[in-house]
Amino acid sequence: MYGQVYVKNNHYRLKGAFHHLTPNTPIRNADDEWKLMGVTNPRDMTYIHSYGGEAVFFESLSKGKLMATRCDNSDCETKGTIHIPFRIHCPDCLGKNTAIDLTDLAKKTAKIHTFMVCERSGAFNVLDKPIKFINIEFDGVATILMSYLAIGDPVFGMRVVPIFKTSGPTFTILDLSWVPAGTAPELLPEGFSF
Ligand SMILES: [Zn+2]
């Protein structure tokens with residue numbers, strides 16, 4: 001059983017196995033009679049990643065909602081500025097931002113600012129290659145969001161709409177993706193919906 005974690009009385013509670021014993025193997029030298037050079041030491045780690053104030057962002061993705069934040073501090077010179085990615089605190093006044101639902105605005109105004117297509121990926125990648133990373137701009141939002149296009153090829157200025165992994169969510173950023181506006185629902189990747 002994989003290690004599982006919940007919180008009760010403000011403490012982490014751990015269940016299951018967080019360490020797995022995996023056999024090591026010898027490293028031998030093919031150029032010198034296969035003499036022993038060392039061993040591999042497989043290590044399997046379960047990392048407990050706290051989302052803190054960003055938890056509402058990831059919870060909302062699983063419910064088909066894209067959350068942003070806004071500074072509502074009347075003493076702030078940039079009051080009303082909207083941030084996505086989800087910034088817990090205002091970078092100008094350091095006050096706590098208000099979480100707002102950006103789903104409708106994203107559906108109506110999101111477009112590709114720029115993009116890059118990656119033929120190779122790093123370790124643990126689960127996305128299909130080539131990965132079409134896109135930077136998305138929204139009307140009235142101060143920042144640009146990095147994500148990926150699930151269907152089609154990116155073009156500067158292309159109108160895109162968010163899709164959400166509402167069936168079997170991972171509660172990570174992979175629950176959010178984008179498709180060209182007008183994409184038919186039956187074309188969406190498994191588990192995703194508008
Ligand atoms: Zn502020």
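This one's a predicted model, so the numbers in the text were calculated from it and none came from an experiment.

## With respect to the coordination of the zinc ion
Move 1: Summarising the metal site, the zinc ion is bound by the protein donors Cys71 (SG), Cys76 (SG), Cys90 (SG) and Cys93 (SG), whose distances to it range over 2.3 to 2.4 Å.
Move 2: The site at the zinc ion holds 4 donor atoms, and with the angles between them running 104 to 116°, its shape is tetrahedral.
Move 3: Of note, the zinc ion draws all its donor residues from one chain, in the sequence arrangement C-x4-C-x13-C-x2-C.

## Points about the sheet that holds strand β13 (residues 192-193)
Move 1: The antiparallel open sheet is built from 3 strands, whose spatial order is β12-β11-β13. For this open sheet the edge positions go to β12 (176-180) and β13, each flanked by a neighbour on one side alone.
Move 2: Alignment of strand β11 (residues 160-165) against β13, held across 2 bridges, turns out to be antiparallel. Its bridge partner lying in β13, Lys165 is registered against Phe192.

## Some words on the sheet that holds strand β5 (residues 67-70)
Move 1: The antiparallel open sheet is built from 3 strands, whose spatial order is β6-β5-β7. Each edge of the sheet is formed by a strand with only one pairing partner; in this case those strands are β6 (82-83) and β7 (98-101).
Move 2: Relative to β6, β5 runs antiparallel, the two sharing 2 bridges. In the sheet register, Arg70 faces β6, and the bridge partner there is Ile82.

## Thoughts on the domain arrangement of the protein
Move 1: According to the domain assignment, the protein contains domain 1 (4-39) and domain 2 (52-193).
Move 2: Taking only C-alpha atoms, the centre of domain 1 and the centre of domain 2 are 35 Å apart.

## Structural notes on the nonpolar core
Soluble globular proteins tend to pack their nonpolar side chains together in the buried interior.
Move 1: Core analysis: the largest hydrophobic core is formed by 25 residues, its most contacted members being Leu66, Ile84, Leu102, Phe138, Val160 and Trp178.
Move 2: For this core, the elements supplying multiple residues, two or more each, are α1 (55-61), β5, β9 (131-137), β11 and β12.
Move 3: Top contributing element to this core by residue count: α1, with 3 residues.
Move 4: Those residues within four positions of Ile84 in sequence are excluded, and the remaining contacts are Leu66, Met67, Ala68, Leu102, Phe138, Val141, Thr143, Ile144 and Leu145.
Move 5: With 8 residues, the next largest nonpolar core counts Leu127, Tyr148, Ile163 and Val179 among its residues.

## Considering the environment of Phe115
Move 1: By the element assignment, Phe115 lies in strand β8 (residues 111-118).
Move 2: On the accessibility criterion, Phe115 (26% relative accessible area) is partly exposed.
Move 3: Sequence spacing of Phe115 and Lys132 is 17 residues, and the spatial spacing of their C-alpha atoms is 7.0 Å.
Move 4: Dropping the residues within four chain positions of it, Phe115 is found in contact with Phe133, Ile134, Pro154, Val155 and Phe156.

Parameters and conventions
- Each chain has its residues counted from 1, following the order in which its sequence is written.
- Given that this is a predicted model, residues contribute local features only at a pLDDT of at least 70 and side-chain atom pairs are listed and counted only at 80 or more, while totals for whole chains, interfaces and linings are drawn from all residues.
- The side-chain values count all of the structure's non-hydrogen atoms but skip hydrogen atoms and water molecules.
- Counted as donors are N, O and S atoms no farther than 2.8 Å from the metal, or 3.2 Å for Na, K and Ca; water is not among the atoms, and sites may therefore look incomplete.
- Site shape is set this way: if four donors have all angles between 85 and 135 degrees, tetrahedral; if opposite donors are over 155 degrees apart and all others between 65 and 115, square planar for four donors and octahedral for six; otherwise irregular.
- If DSSP finds at least two bridges between two strands, the strands pair.
- The numbering of helices and of strands both runs from the N terminus, where a helix is a DSSP run of H or I of at least 4 residues and a strand a run of E of at least 2.
- Domain borders in the structure are assigned automatically or taken from a domain database.
- Nonpolar cores are built from buried Ala, Val, Leu, Ile, Met, Phe, Trp, Tyr and Cys residues. Side-chain atoms within 4.5 Å join them into one set.
- Here's how the labels work: a residue is buried when its accessible area is under 20% of the maximum for its type, exposed when over 50%, partly exposed in between, all with a 1.4 Å probe on protein chains only.
- Any pair of residues with heavy atoms lying within 4.5 Å of one another is described as a contacting pair.

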